[in-house]
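# Summary of structural features
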Amino acid sequence: MRVGVSSPLISPHSLSLMADDAATVCQVLGVKHAYFVGLSMGVRLLRLLPCVILI
C-alpha cells in the first residue's frame, strides 16, 4: 500500500467553503431540519454551518 502519493490541491480549501458545500447539499436535497455530529475538524465546520444556512 502506498501512502501519501496524492497530488497537491490546486484550489484553496477552507472550513467556510466546506460549510457552504454542506449547506448547498442540504438545500438541493430539500432538507429542512438535520442533526449533525462532528469530531475535531468536523466540529469546527459545524460551528460555521448554522450561519451559512441562515443567510
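The model shown is predicted, which means the values in this text are computed figures rather than measured ones.

## Here we look at the overall build of the protein
Check the secondary structure of the protein and you find two helices and zero strands. Counting only residues that meet the buried cut, the protein has 13% of its 55 residues in that class. Entry remark: accessible area of the protein is about 5,100 Å², with carbon and sulfur atoms responsible for 65%.

## Some thoughts on a nonpolar patch on the surface
A grouping of V25, V28, L29 and V31 is seen on the molecular surface, where their side chains present a nonpolar patch of about 390 Å² in accessible area. Position of V28 among the secondary structure elements: in helix 1 (residues 15-29).

## Notes on the environment of L45
Following the sequence through the fold, L45 ends up in helix 2 (residues 41-54). A C-alpha to C-alpha distance of 7.3 Å links L45 and S16, two positions 29 residues apart in sequence. With residues up to four places along the chain from it excluded, the contact list for L45 reads L15, M18 and A19.

## Some points on helix 1
Between its first and last C-alpha atoms helix 1 spans 21 Å; for 15 residues at 1.5 Å apiece the expected length is 21 Å, and the two agree. Taken together, the buried positions of helix 1 are occupied by L15, A19, A23 and C26. End-on, the buried residues of helix 1 take up no more than an arc of 70°, which puts them together on one face. In helix 1, the exposed residues that point more than 90 degrees away from the buried face are D21, V28 and L29. G30 sits one or two residues past helix 1 and shows a positive phi near 75°.

## What about the environment of R47?
In this structure, R47 sits in helix 2. In this structure R47 comes out as exposed when scored by relative accessible area, which is 64%.

Criteria and thresholds
- Residues numbered from 1 in each chain as written.
- Predicted model: local features only at pLDDT ≥ 70, side-chain atom pairs only at ≥ 80, totals over all residues.
- Heavy atoms only, no water.
- Helix = DSSP H or I, 4+ residues; strand = E, 2+ residues; numbered from the N terminus.
- Buried < 20%, exposed > 50% of the residue type's maximum accessible area, 1.4 Å probe, protein only.
- Areas by Shrake-Rupley, 256 points an atom, 1.4 Å probe, with all protein chains shown as cover.
- Patch = residues over 30% accessible without salt bridge, like charges linked within 9 Å, V, L, I, M, F, W, Y side chains within 5 Å.
- Salt bridge = Lys/Arg side-chain N within 4 Å of Asp/Glu carboxyl O.
- Contact = heavy atoms within 4.5 Å.
- Expected span 1.5 Å × (residues − 1).
- Arc of directions from axis to C-beta.

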